[in-house]
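Here's the letter readout for the chains.
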Amino acid sequence: MSNLDCLALKDEDLSKKGEQRIEWAWRKMPVLQQIRREWEEKQPLKGIRIAACLHISAKTANLARVLKAGGAQVVLCASNPLSTQDDIAAALNVVYGIPVYARRGVDKETYYRQIYAALDTEPQITIDDGADLVTTLHKERPAQALQVIGGTEETTTGVIRLRAMARDGALKYPLVAVNDALTKHFFDNRYGTGQSTIDGILRATNYLLAGSVFVVVGYGWCGRGIATRARGMGARVIVVEADPFKALEAWMDGHEVTGMKDAARRADFIVTATGNIHVLGKDSLAALKDGVILANSGHFNVEIDIPALEAQARTRRIVRENVEEFVLHDGRRIYLLGEGRLVNLACGEGHPVEVMDLSFANQALAAAWLVSQRGNLKPDVYRVPRAIDERVARLKLAAFGVQVEELTEEQERYLASWESGT
Ligand code: ADE
């Protein structure tokens, strides 16, 4: 049995539902719509094989459709075992003719088999969210990696891994850090993660945030967004942060800032968003209140020390969809959402479509840019070209009907000069 036979989802009812959700999302993706109109004519990706390792959501489906409209042969695999929306995967396979190797809730071995299936298509462009596709290709198929034109990376965690590869001289082809585009992290990480994390927690628990003690671990762009939105819903937010500049920022943003153990003792909700391992570790787990809700919004399920939680537990059981109860030896009950995987996708539908329009416009344009630069770039991590980033911002503003002020020639000259003073 080939990977495709055993992994691709083909179900008519599911695919109908998925198609409706993909079309619904498309209505709010004006930047990708504009790119698609241009690409149908210009075909900048004509004949290019693309493998994309992304969260399989309605927004991702629309990115895949735009890449295909631009002439590419696209296949998808999941970038997390618990983030795939099966109706979307089915619709891509059945309705849109885009092969998807993904299914919600697969084990680790199947997750990697799906990545191998995508790599078997010998992609010339890789698109990643978390760098699992790129690292698998480099570690297990180094000769194949040399054939790749370039790749793009969606998320902070993935970019950190790519920069480590570049530092070690391990990179075999050029990669674009889409995450670092201003039209990506200013919006997706802050407003996208901010809203979708709260959304995932509320869908899973149906609990009240107002008046609760809500701990946010990590005050990067994602943590800032989560803290702002939690406060907006009336929670009393506490931030835990190891970086002194970010801690100071959180403090001046008006949040309480304290250490992990102190926060753990007081929390009703704890959300991790650091990109680091075991930030909610053994000692802090021992301090938790009865009934606390734990969730992770970082890319990997390593931020909460789940093995330590398991070791401290007398029993564990699913008490509600996406909610697992751990009863500790002293009787305290701890609730873990979505297996500690990214809560916005494990317990919800991911980011709102409007921000994914920005992120995925960057992905599409960065992929086309890599093809246009074929042979000119050495293996390294590149920024999204400023012209692409600015174009995405301007297209979005135009879609919102928002005017941007133009500088006069005098103002341009003034900004460029150094002679004039007081
Ligand atoms: N939907 C598709 N990709 C996503 C991402 N990276 N984060 C949240 N929601 C998404």
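Criteria and cut-off values
- Residues numbered from 1 in each chain as written.
- Predicted model: local features only at pLDDT ≥ 70, side-chain atom pairs only at ≥ 80, totals over all residues.
- Heavy atoms only, no water.
- Helix = DSSP H or I, 4+ residues; strand = E, 2+ residues; numbered from the N terminus.
- Rg over C-alpha atoms; globule rule 2.2 N^0.38 Å.
- Buried < 20%, exposed > 50% of the residue type's maximum accessible area, 1.4 Å probe, protein only.
- Contact = heavy atoms within 4.5 Å.
- Areas by Shrake-Rupley, 256 points an atom, 1.4 Å probe, with all protein chains shown as cover.
- Lys, Arg positive; Asp, Glu negative; His and termini not counted.
- Charge placed at Lys NZ, Arg CZ, Asp CG, Glu CD.
- Salt bridge = Lys/Arg side-chain N within 4 Å of Asp/Glu carboxyl O.
- Core = buried A, V, L, I, M, F, W, Y, C linked by side-chain atoms within 4.5 Å.
- Patch = residues over 30% accessible without salt bridge, like charges linked within 9 Å, V, L, I, M, F, W, Y side chains within 5 Å.
- Axes fitted to C-alpha atoms, helices over the stretch in contact; angles between N-to-C directions.
- Left-handed = near helix turned anticlockwise from the far one by under 90°.
- Nonpolar A, V, L, I, M, F, W, Y, C, P; charged D, E, K, R; others polar.
- Near = heavy atom within 4 Å.
- Polar contact = N/O pair within 3.5 Å; in protein donor to acceptor, adjacent residues only side chain to side chain.
- 1 Å grid on protein atoms, 1.4 Å probe; cavity = no way out; pocket = protein on both sides within 12 Å on 5 of 7 lines; lining within 4 Å.
- Sits in = over half its atoms within 2 Å of the grid points.
- Phe/Tyr/Trp six-rings, centres within 6.5 Å; stacked < 30°, edge-to-face > 60°.
- Lys NZ or Arg CZ within 6 Å of the ring centre and 35° of its normal.
- pLDDT = per-residue confidence, 0-100.
- Pairing = 2+ DSSP bridges.
- Points joined across faces, edges and corners; volume = space filled by probe spheres on them.

Chemist: Please clarify how the overall build of the protein should be interpreted in this entry.
Modeler: Across its full length, the protein holds 19 helices and 15 strands. Over its C-alpha trace the protein gives a radius of gyration of 22 Å, about what one expects of a compact globule, namely 22 Å for 422 residues. Based on the C-alpha atoms only, the size of the protein along its principal axes is roughly 75 × 65 × 45 Å. Counting all 422 residues of the protein, 55% fall into the buried class. The contacts in the protein between residues at least 6 apart in sequence include a share of 71% that link residues at least 24 apart. Taken as a whole, the protein presents about 19000 Å² of accessible surface, with 51% of it coming from carbon and sulfur. For the protein, the separation between the mean place of its 52 positive charges and that of its 54 negative charges on side chains is 2 Å.

Chemist: Even after reading the chapter, I still don't get the pattern of salt bridges, so can you show me in this structure?
Modeler: Note on pairing: side chains with opposite charge can pair once their charged atoms come close. Counting across every chain of the model gives 28 salt bridges. One salt bridge in this structure joins Asp87 and Lys17, with 4.0 Å as the shortest N-O distance. Note that Asp87 is positioned in helix H5 (residues 86–94) and Lys17 in helix H2 (residues 12–26), a separation of 70 residues in sequence. Between Arg224 and Glu249 there is a salt bridge, and its shortest N-O distance comes to 2.7 Å. Within this pair, whereas Arg224 is found in helix H11 (residues 221–232), its partner Glu249 is found in helix H12 (residues 244–252), the two being separated by 25 residues in sequence. Arg224 sits in the buried class, given a relative accessible area of 13%. Classification of Glu249 by relative accessible area gives partly exposed; the value is 29%. When salt bridges with common partners are traced through the structure, they connect Lys17, Arg21, Asp87, Asp199, Arg203 and Glu349 into a single cluster.

Chemist: For this particular structure, what's the right way to read the nonpolar core?
Modeler: Note on soluble globular proteins: their nonpolar side chains tend to be buried together. Of all hydrophobic cores here, the largest spans 80 residues; its most connected members are Leu32, Trp39, Leu45, Ile56, Leu67, Leu92 and Ile125. It is helix H17 (residues 353–372) that provides the largest number of residues to this core, a total of 12 residues. Aside from chain neighbours lying at most four places away, what touches Ile125 is Ile48, Arg49, Ile50, Ala51, Val148, Ile149, Gly150, Ala367, Leu370 and Val371. In this structure, Ile201, Ile293, Val323 and Leu337 belong to the second largest nonpolar core, which totals 27 residues.

Chemist: How should a negative patch on the surface be read in this particular structure?
Modeler: The grouping of Glu405, Glu406, Glu409 and Glu412 at the surface amounts to a negative patch. Tracing the sequence through the fold places Glu409 in helix H19 (residues 409–416). Classification of Glu409 by relative accessible area gives exposed; the value is 64%.

Chemist: How should I be thinking about the packing of helix H4 (residues 58–69) against H17 in this particular structure?
Modeler: Helix packing geometry: the angle between the two helix axes and the distance between the axes. Where H4 meets H17, the axes come as close as 10 Å, and the angle between the chain directions of the two elements is 35°. As H4 runs across H17, the sense of the crossing is right-handed. Residues Lys59, Thr60, Leu63 and Leu67 of H4 lie in contact with H17, whose contacting residues are Val353, Met356, Phe360, Gln363 and Ala364. Of the residues belonging to the contact of H4 with H17, the class tally is six nonpolar, two polar and one charged.

Chemist: Even after reading the chapter, I still don't get the site of the ligand, so can you show me in this structure?
Modeler: With respect to spatial proximity, the complete set of residues near the ligand consists of His55, Ser57, Lys59, Thr60, Asp129, Glu154, Asn344, Leu345, Gly350, His351, Met356 and Phe360. Within the side chain of Ser57, an N or O atom sits 3.0 Å from a nitrogen atom of the ligand. Taking Asp129, its side chain carries an N or O atom lying 2.8 Å from a nitrogen atom of the ligand. In the complex, the protein chains occlude 94% of the 260 Å² of accessible area that the ligand would expose alone. Of the pockets mapped on this structure, the ligand occupies the largest pocket. Elements that contribute at least two residues to the shell around the ligand include exactly H4, helix H16 (343–346) and H17.

Chemist: Looking at this structure, I do not really get the packing of aromatic side chains. What am I missing?
Modeler: In this description, an aromatic ring pair is defined by two values, namely the gap between the centres and the angle between the planes. Summed over all chains, the structure comprises six aromatic pairs. Ring pairing ties together the aromatic residues Phe186, Phe187, Tyr191 and Trp221, which thus form one cluster. Over the aromatic face of Trp26 sits the side chain of Arg65, whose NZ or CZ is 5.4 Å from the ring centroid. Residue placement shows Arg224 over the ring face of Trp221; its charged tip is 4.3 Å from the ring centre.

Chemist: Is there a simple way to think about the confidence of the model for the protein in this case?
Modeler: When pLDDT drops low, the exact placement of atoms in the prediction is not to be read closely. In this model, the protein carries an average pLDDT of 96, and 98% of its residues clear a pLDDT of 70 or more. For residues 1–7, every residue scores under 50 in pLDDT, and the model assigns this stretch 13 contacts once sequence neighbours within four places are set aside.

Chemist: Which parts of the structure should I look at to understand a nonpolar patch on the surface?
Modeler: Residues Leu248, Trp251 and Met252 make up a contiguous nonpolar surface patch of roughly 400 Å² in combined accessible area. Tracing the backbone through its elements, the reader meets Leu248 in helix H12. What makes Leu248 partly exposed here is its relative accessible area of 48%.

Chemist: Where do I start with the sheet that holds strand S7 (residues 213–217) in this structure?
Modeler: Sheet strands pair via backbone hydrogen bonds, and the direction of the pair is either parallel or antiparallel. Strand order in this open sheet of eight strands is S9-S8-S7-S10-S11-S14-S13-S12, and the pairing throughout is mixed. Both outer strands of the open sheet, strand S9 (256–257) and strand S12 (313–320), are each paired with one neighbouring strand and no more. Here two bridges tie strand S11 (residues 293–296) to strand S14 (residues 333–337), and the two strands are oriented parallel to one another. Bridge pairing links Leu294 to Leu336 in S14.

Chemist: Teacher, can you tell me more about the layout of surface pockets here?
Modeler: Empty pockets left among the atoms are what a rolling probe the size of a water molecule brings to light. Roughly 830 Å³ of volume is contained in the largest pocket. Taken together, 45 residues make up the lining of the largest pocket; nearest its centre are Thr155, Thr156, Cys222, Ser297 and Gly298. Sorting the residues of the lining of the largest pocket by element identifies H4, helix H9 (156–167), helix H10 (182–205), H11, H16 and H17 as the ones contributing at least two each. For the lining of the largest pocket, the element with the highest residue contribution is H10, accounting for five residues. Considering only residue class, the lining of the largest pocket consists of 14 nonpolar, 21 polar and 10 charged. Of the volumes computed, that of the second largest pocket is approximately 360 Å³. Forming the walls of the second largest pocket are 19 residues, and the residues nearest its centre are Trp24, Glu349, His351, Pro352 and Val353. At the level of secondary structure, the elements contributing two or more residues to the lining of the second largest pocket comprise H2, H4, H10 and H17.

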